[in-house]
Amino acid sequence: MTSVLTPERLAALRAPLERAVTEPVPVPPRQPVHTLYGGAHLFTADTARKMGQRALKALSDHAPDAHAFAECLRLDEALAGRVHERVVARLAREPVEDFRIDFEDGYGPRPDAEEDGHAESAAREVARGLAEGGLPPFLGLRIKPLLPERLARAARTLERFLGTLLERTGGVLPPNFVVTLPKVTAPEQAAALASLLDLLEAHHGLPAGVLKVELIVESPRALFGPDGRLALPGLVDAARGRCTGVHFGPYDYTASVDITAQHQRLTHPACDHAREVMQVALAGRPLALSDGPTSLLPVGPHKEGAQPLTPAQREDNRQVVHRAWRLMHTNVRHALERGYYPVIFHRRGHHGC
C-alpha cells in the first residue's frame, strides 16, 4: 500500500508542532513564604529583628513547649515537637522573610508634607539596614493606587523614597526590591507604573528594568473584563516585563462582590474561585502568587504594666493568641492545599505582635 504520509508531508506537519513547544518556565531560586506589610511611618532598619523578638516572646509565653504547641494547633505531639523547634530557629534566624513598606492601607491618607517626610525617613532606614545587614532578604514598597486623583501623590512618594535611598546607598538597591501596586483594575495603571519606573531608572542611572513590580488583585475587574474575557494576563503584560508577582486582596475583593464583613474570610468560596482564576490565568509564567492576610492578630487584650497580670488575665491572653494562631494555621493549610506556596501576607498598621 502506498502511503500518502510522505516524509515531506510529515515534515510540514511537524514544523508547526515544534514551534508550539514552549520552553520550561524558569523557577525562581527562592520565593518567600510570608510577606509582612507594615505602615511606612513605623519602619526602621531593625523592624525585622524587633518583630522576631516579640514573636519569640509570644511563643515563649503562650506555647513554650511541644505539648502546648500541639494543644494550640491540634497537632500530633511528636510532629509538634519538630515543628516547634523549627519555628523557634526560624524566628531567631530570619523572622521576616519579606517586608512591604506600606503607604496604602497600613498608612492611610496624610498631608503631603507628612508623607514626604515618611518617604524620606523610610528610605534612610532602608539604607541603614542595608549597611548594617539587618534587612529581610526580600523588601518592597507599596504605593497608593494609580487612580487619576492619586497619581501625583503615589509618584511623589515613589520618587522621594528612591531618590533618598539611592543617594544614601550610592546607587545601590536592596536585593529583591519591588514596587507593589494595589487595587489594579486596568492595564493603563500597570503601564503607568512601568513608565514611572522607566523615568526614575533613567534619572538615577539604574539599569533598565531593574525596578520590579507586584500587582494586587482586589476586584473582579482585575480578573475579568466587561466582555467576560480574562483581564489579568493583560494587566501583567502592561507592566512590560517588570511584574514578578501577583498578590490577592481578599477583603476588598469579597466586599466588591457584596459579601458582608461578617462572612469575609480567606476560605470563602469567592476567594477560592479568585485564587483558582489567578492560577489558571497566569499558569506558565514565572510569577509568585500570594494569598491574602489573616486579619485576626495574635495580640492578647491585657498588657503587662506596673502590676503583674492575674492568672485570669494571662489565660484570657493565651486563649486570644491561640485562637489567632489556629486561624492562621487553618488559612496556611488551606492555601497550601490549593497550590499557593508563597502563602500569607499580613497587612499591619503597627508593630505589635
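Remember, it's a predicted structure, so these values are computed and weren't measured experimentally. Numbers given for residues are sequential positions, taken from 1 along each chain in its written order. Note on the predicted model: pLDDT of at least 70 is required for a residue's local features to be given, and 80 or more for side-chain atom pairs to be given and counted; whole-chain, interface and lining totals, by contrast, use all residues. Neither water nor hydrogens contribute to the side-chain values; these are computed over all heavy atoms in the structure.

Engineer: Quick rundown of the overall build of the protein chain? Include the residues and the values.
Structural biologist: Each helix and strand counted, the protein chain has eleven helices and eight strands in total. Reported as C-alpha extents along the three principal axes, the dimensions of the protein chain are approximately 95 × 55 × 40 Å. The buried share of the protein chain, reckoned over its 353 residues, is 46%. Residue contacts are counted whenever heavy atoms from the two residues lie within 4.5 Å of one another. Across the protein chain, every contact between residues at least 6 apart in sequence was considered, and the portion connecting residues at least 24 apart equals 78%. Per-residue accessibility takes into account occlusion by the displayed protein chains alone, with areas from the Shrake-Rupley method and a 1.4 Å probe. As presented, the protein chain carries roughly 18000 Å² of accessible surface, and 57% of it is formed by carbon and sulfur atoms. Charge centroids of the protein chain, computed over 42 positive and 42 negative side chains, lie 1 Å from each other. Secondary structure elements are defined from DSSP: runs of H or I of at least 4 residues count as helices, runs of E of at least 2 residues count as strands, and each element is numbered from the N terminus. For each residue, the accessible area found with a 1.4 Å probe, counting protein chains only, is set against the maximum for its type, and the residue is called buried under 20%, exposed over 50%, and partly exposed in between. Positive residues here are Lys and Arg, negative ones are Asp and Glu, while His and the chain termini are left out of the count. Lysine's charge is taken at NZ, arginine's at CZ, aspartate's at CG and glutamate's at CD.

Engineer: For the packing of helix H2 (residues 47-62) against helix H4 (residues 77-93), give the residues involved together with the corresponding values.
Structural biologist: Angle between the axes and distance between the axes: these two values describe a pair of packed helices. Across the interface, H2 lies against H4 with an axial gap of 9 Å and an inter-helix angle of 155°. Considering their axes alone, H2 and H4 lie roughly antiparallel with respect to each other. For the pair formed by H2 and H4, the contact residues are Gly-52, Ala-55, Leu-56 and Leu-59 on the first element and His-84, Val-87, Val-88, Leu-91 and Ala-92 on the second. Across the contact of H2 with H4, the residue classes tally to seven nonpolar, two polar and no charged. Whenever a helix is involved, its axis is fitted only over the stretch in contact; in every case the axis is a line through C-alpha atoms, and angles between N-to-C directions fall within 0 to 180 degrees. For this classification, under 35 degrees means roughly parallel, over 145 means roughly antiparallel, 65 to 115 means roughly perpendicular, and everything else is oblique. The nonpolar class holds Ala, Val, Leu, Ile, Met, Phe, Trp, Tyr, Cys and Pro. Asp, Glu, Lys and Arg form the charged class, and all remaining residues, Gly among them, are polar.

Engineer: Outline H4, supporting the account with residue identities and numerical values.
Structural biologist: Every α-helix carries 3.6 residues per turn, so stepping three or four residues along brings you back to the same face. With 17 residues, H4 extends 24 Å from end C-alpha to end C-alpha; this agrees with the ideal 24 Å at 1.5 Å per step. Those residues of H4 that fall on the buried side of the exposure criterion are Ala-80, Gly-81, His-84 and Leu-91. In an axial view of H4, the angular spread of the buried residues amounts to 105°, which keeps them on one side of the axis. Facing away from the buried side of H4 by more than 90 degrees, the exposed set consists of Ala-78, Glu-85, Arg-86 and Arg-93. Packed against the buried residues of H4 are H2 and helix H3 (66-73). One fewer than the residue count of a helix, multiplied by 1.5 Å, yields its expected span. Note that the arc is defined by the directions from the helix axis to the C-beta atoms.

Engineer: Mind laying out the nonpolar core, listing which residues take part and the relevant values?
Structural biologist: Inside soluble globular proteins, nonpolar side chains tend to come together where they are buried. Core analysis: the largest hydrophobic core is formed by 61 residues, its most contacted members being Ile-101 and Phe-161. Take this core: its biggest share by element is six residues, from helix H6 (residues 151-169). Ignoring any residue separated from it by four or fewer positions in sequence, one finds Phe-161 in contact with Ile-101, Ala-119, Ala-122, Ala-123, Val-126, Leu-141 and Phe-177. Definition of nonpolar core: a set of buried residues of the types Ala, Val, Leu, Ile, Met, Phe, Trp, Tyr and Cys, connected through side-chain atoms within 4.5 Å. By size, the runner-up hydrophobic cluster in this structure holds twelve residues, among which are Ala-68, Leu-91, Val-321 and Trp-325.

Engineer: How would you sum up the pairing of strand S1 (residues 34-39)? Please name residues and give values.
Structural biologist: The buried fraction of S1 is high, at five of six residues. At least two bridges found by DSSP between two strands is the condition for calling them paired. With five bridges connecting them, S1 and strand S2 (residues 98-102) associate as parallel partners. Across the sheet, Tyr-37 pairs through a bridge with Arg-100, a residue of S2.

Engineer: Which residues make up a nonpolar patch on the surface, and what are the values?
Structural biologist: Taken together, Val-4, Leu-5, Leu-10 and Leu-13 make up a surface patch of nonpolar side chains, about 400 Å² in accessible area. Take Val-4: its relative accessible area is 55%, and that puts it in the exposed class. Think of a patch as exposed residues, more than 30% relative accessible area, with no salt bridge, where like charges cluster within 9 Å and nonpolar side chains (Val, Leu, Ile, Met, Phe, Trp, Tyr) cluster within 5 Å. Every case where a carboxyl oxygen of Asp or Glu lies within 4 Å of a side-chain nitrogen of Lys or Arg is listed as a salt bridge.

Engineer: Tell me what's going on with the confidence of the model for the protein chain, and back it up with residues and numbers.
Structural biologist: Averaged over all residues, the pLDDT of the protein chain equals 91, while 94% of them reach at least 70. Per-residue confidence from the predictor is reported as pLDDT, which spans 0 to 100. Within the model, pLDDT remains below 50 along residues 347-353, and this stretch shows 31 contacts once partners closer than five positions in the same chain are excluded.

Engineer: With reference to specific residues and values, describe the packing of aromatic side chains.
Structural biologist: By convention, a stacked pair of Phe, Tyr or Trp rings (six-membered ring in the case of Trp) has centres within 6.5 Å and planes under 30 degrees apart, an edge-to-face pair has planes over 60 apart, and any other such pair is tilted. Taken as a whole, this structure holds four aromatic pairs when the rule is applied. Pairing Phe-248 with Tyr-253 gives two aromatic rings, centres 5.5 Å apart and planes at 65°, and the pair type is edge-to-face. Given a relative accessible area of 0%, Phe-248 falls into the buried group. Given the relative accessible area of 5%, Tyr-253 is considered buried. For a ring to carry a charge above it, either NZ of a lysine or CZ of an arginine must fall within 6 Å of the ring centroid while also lying within 35 degrees of the normal to the ring plane. The ring centre of Tyr-107 lies 4.3 Å from the NZ or CZ of Arg-110, which sits over that ring.

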